[in-house]
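The residues making up each chain are set out below.
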Amino acid sequence: MGDSQLGGGTCVVAHKTSSADCAFGPFRFDVAERRLLRGGEEIDLPPKAFDALALLVARAGQLVAKDEFVAVLWPRSVVSDASLSKIVWQVRRALDDDGERYIQTVPKQGYRFVAAVESRRAAPNAPRAEAPASPIVDARVPAMPRSPARRIAFALVAILMLGLLCAYAVWPRRDAAVLATAGAQTAGAAAGGLVVMPFRLDVDAAADRAFADSLTDDLIAVLARLDGLRVIAPASAGGTGAGDEDPGALARRLDVRYALIGALRRDGEALHAQLRLTEVATGGVLWSRSFDRAAADAFVLRREIVEAVSQALALTLSPSLQAELRRSEDPVLYRRYLEARHWLRYDVVDWHRAVAAFQALVADAPGYARAHAGLAMALTQPSYVDAESARTMRIAALAEAQTALKLDADLAEPYAVIADDKCRNAQWEPCIALTERAIELAPADTTLRLWHVRRLTTLGYLTRALDEVRTAYRFDPLSVEVNFMLGHALDTLGRHDEAATYFAAVPFKRQAGIWFNAVWRGDAAAARAATPEDARWQASYTAVLDAVQDATKWPAARAAIARSETDGQHANWTRVLDPEPDIAGDIAMLEVIWRHGQSSMSSMLWNEELANHRRDAAFADYVARSRFVDYWRVHGWPDRCRGEETAVRCD
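The shown structure was predicted, so the numbers you read here are calculated from the model rather than taken from an experiment.

K.L.:
Outline the overall build of the protein chain, listing residues and values.
P.N.:
Along the protein chain, the regular secondary structure elements total 28 helices and 17 strands. Burial status across the protein chain gives 56% buried among its 651 residues. Taking contacts inside the protein chain between residues at least 6 apart in sequence as the whole, the part at least 24 apart equals 61%. Surface exposure of the protein chain reaches about 26700 Å², of which carbon and sulfur atoms provide 51%.

Structure representation (structure tokens):
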């Protein structure tokens, strides 16, 4: 994302320019020196959070619209409301503002600074402090590193920005279309996207294939962090047939303009890579280059490829990404990390192999951050083991994630794993903030994006969830998981016919989602075709479908549902269709599902068809004990709910 435009300036009190040094409550806020102090003690505030606070203080007492924040904090990007929510949460945390003493949320519009602001005279020629590091999201999670890019940008624009805050009172509103156009213009030659094709191998040995595929995935992850470049995610890139597909067909399927096509060959201790960057619609070659490195030195090869692609597409590597690419790393450990991660590439059926490989790597190199991060992710992935094993694995995953962050705060996986723990415990502020941090570090990782989608739908933010899953689809249009979640998000919003077009790309292993979609659409034939083959569920799904068509058969359907749940561990989702539902029981069932992280189906409570569930007193109890309401009051009400004087109403 682009660097903030706010470098220094003035505090504005009662719409009049005073000095760049102000006070409110116990805080002193020095915009010019970029310092926030409380009782003489400096408080860490991330650069964008500092700039957001500067904007709020400058407009004290006035509503600052969301698009005004976006125009200042992300002038070259189009971002979601969730990104702004995270920044405001960081400001609230720094101010210990848990009751809108300083910042008032105006739902769906923006924020207002409500505390009295007193101007002070700034000391002349005061030395400028560096931008502070990001705060610790949790006491066990290390602070995010300072951004050299922000410090450099601040130094370059500080003089021009001194008067910027004075102009905020008349800052024009910019709509999303204008911002989208601006973002598109900065994309330059990279507009249209890039797919990194799977490497060809001279000899397709299993070990070499694991290494080559994982190197491809890692290249995708790094290239996706180039500002202005959309890179197709590994699942869809891997579905391209290692470069065998017709370029024109590839362009249509993935909506890309460029392809990076390469071949790897091992020759003893040497590794040879031949790559070319092509424009897929025409087949034109933008550049072609050979890379020769020691077989173990994949890390250097990765850096050279990323630098070559960025130069060819006239994209700039951020200072932080340059530093990451040029830091030293044991090439043997890196290769072992890639090979271990291969077992989590597209599915989690081989998660036990990934766990074993990462455990061996941790044992051999306990100070290697990637090993701990990979093990944390592998232990978090499986949701189909028994409940006790899953709980034990999650505890171990959390410990590994915390270790990884202590060693390297720039890895995405630890943030995602810690977020998973927060979400299961209904700690929504850190849950969402940490998830968004993980996505910021790995924008092409659609697994992390889909986790975010599940969390947003659990909270009832259906439109935001749909926007997020559409972004995932842009990165990964061939992914079964992405297509399923896009269909599911549309189903939740009541757009069942549209959802069916995405479920069509999903094999029958997702039968429950397809079955419910067919029922919502009133297509009995399609529902019967999607009836689960598992003997545990088959009879009950058939009986419920019969009862949906003939209400006199509901007694038999209820009995079939009860028989399917006799083990006490598995709930039958079809019970929500009962015209005489046990609403409290249904809600408890779906609450258990999201707390265990077992299925996206927990969001069914937000379906249009379950409006009566949401109007029941049991639902009000549910959103209160799940702490949804606390999050909503700060970040805005979800699509189907609204706050009343002392209660919440959902329909």
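K.L.:
Could you give me a rundown of the sheet that holds strand β7 (residues 63-65), with the residues and numbers involved?
P.N.:
Within the open sheet, the 3 strands sit side by side as β7-β9-β8. Their pairing is antiparallel. The sheet is open, and its two edges are formed by β7 and β8 (103-106), each paired on a single side. Mean inter-strand twist for the sheet, computed between neighbouring axes without regard to direction, equals 30 degrees. On the sheet, helix α2 (residues 66-73) packs against β7 and β9 (110-113) and is oriented at approximately 60 degrees with respect to β7.

K.L.:
Explain the pairing of strand β13 (residues 258-267) to me, and be specific about the residues and the numbers.
P.N.:
Pairing between strand β11 (residues 194-196) and β13: 3 bridges, direction parallel. Bridging across to β13, L194 finds its partner in Y258. As judged from the 2 bridges shared by strand β12 (residues 200-201) and β13, these two strands associate in the parallel manner. Each bridged residue has a counterpart across the sheet, and for L201 the counterpart in β13 is L264. The turn linking β13 back onto strand β14 (residues 270-279) is made up of 2 residues, and G268 within it adopts a positive phi angle of 65 degrees.

K.L.:
Pulling in residues and values, what's your account of the nonpolar core?
P.N.:
Core analysis: the largest hydrophobic core is formed by 87 residues, its most contacted members being L194, L215, L223, L260, L264, I305 and L448. Sequence-distant contacts of L448, defined by excluding residues within four places in its chain, comprise M377, A412, A416, T435, A438, I439 and A442. Counting 70 residues, the second-largest nonpolar core is a separate cluster that includes L486, A499, A560 and L577.

K.L.:
Quick one: what's the story with the packing of aromatic side chains, residue by residue and with numbers?
P.N.:
With the rule as written, the count across this model stands at 22 aromatic pairs. Between W515 and Y541, the ring centres sit 4.7 Å apart and the planes meet at 65 degrees, which makes this aromatic pair edge-to-face. With W515 in helix α21 (residues 511-521) and Y541 in helix α23 (residues 535-549), the pair connects residues that are 26 residues apart, well separated along the chain. W515 sits in the buried class, given a relative accessible area of 0%. By relative accessible area, Y541 is classed as buried at 4%. Chaining the aromatic ring pairs together yields one cluster made of W428, W606, F619, Y622, F628, W632 and W637. Here R437 stacks its cationic end above the ring of Y415, 5.6 Å away from the centre of that ring. Of note, R536 hangs over the ring of W537, and the distance from its end group to the ring centre comes to 5.6 Å.

K.L.:
Which residues make up helix α27 (residues 617-625), and what values go with them?
P.N.:
Regarding α27, the residues found buried are A618, F619, Y622 and V623. Around the axis of α27, the buried residues are gathered within 130 degrees of arc, so they sit on the same side. Buried residues along α27 sit in contact with α25 (583-596), α26 (611-615), α28 (628-635) and β17 (648-650). Looking at where α27 begins, the residue whose side-chain oxygen comes 2.8 Å from the main-chain nitrogen of A618 is D616. Two residues or fewer past α27, R627 is found with a positive phi of approximately 65 degrees.

K.L.:
So what's going on with unusual backbone geometry? Which residues, and what values?
P.N.:
Phi at D96 takes a positive value of approximately 55 degrees, unusual for a residue other than glycine. Note on placement: D96 falls in the loop between α3 (81-95) and β8. Accessibility expressed as a relative area gives 45% for D96, which makes it partly exposed. A positive phi angle, close to 65 degrees, is found at R627, a residue other than glycine. Considering the arrangement of structural elements, one finds R627 in the loop between α27 and α28.

K.L.:
Describe in detail the environment of F516, supporting the description with residues and values.
P.N.:
When you line up the elements, F516 lands in helix α21. Taking the C-alpha atoms as reference points, F516 and T531, separated by 15 residues in sequence, lie 9.7 Å from one another. Those residues in contact with F516 that lie beyond four places of it in its chain are Y541, W573, T574, V576, L577, M601 and M604.

K.L.:
Explain the packing of helix α17 (residues 446-458) against helix α19 (residues 480-492) residue by residue, including any values.
P.N.:
Close contact between α17 and α19 brings their axes to 10 Å; oriented N to C, the two are set at 20 degrees. Taken together, the axis directions place α17 and α19 in an arrangement best described as roughly parallel. Here the hand of the crossing between α17 and α19 comes out left-handed. Between α17, through T446, L450, V453 and R454, and α19, the contact on the second element is made entirely by E481, V482 and M485.

Thresholds applied
Residues numbered from 1 in each chain as written. Predicted model: local features only at pLDDT ≥ 70, side-chain atom pairs only at ≥ 80, totals over all residues. Heavy atoms only, no water. Helix = DSSP H or I, 4+ residues; strand = E, 2+ residues; numbered from the N terminus. Buried < 20%, exposed > 50% of the residue type's maximum accessible area, 1.4 Å probe, protein only. Contact = heavy atoms within 4.5 Å. Areas by Shrake-Rupley, 256 points an atom, 1.4 Å probe, with all protein chains shown as cover. Pairing = 2+ DSSP bridges. Axes fitted to C-alpha atoms, helices over the stretch in contact; angles between N-to-C directions. Core = buried A, V, L, I, M, F, W, Y, C linked by side-chain atoms within 4.5 Å. Phe/Tyr/Trp six-rings, centres within 6.5 Å; stacked < 30°, edge-to-face > 60°. Lys NZ or Arg CZ within 6 Å of the ring centre and 35° of its normal. Arc of directions from axis to C-beta. Polar contact = N/O pair within 3.5 Å; in protein donor to acceptor, adjacent residues only side chain to side chain. Parallel < 35°, antiparallel > 145°, perpendicular 65-115°, else oblique. Left-handed = near helix turned anticlockwise from the far one by under 90°.

Purely geometric numbers; function is a separate question.
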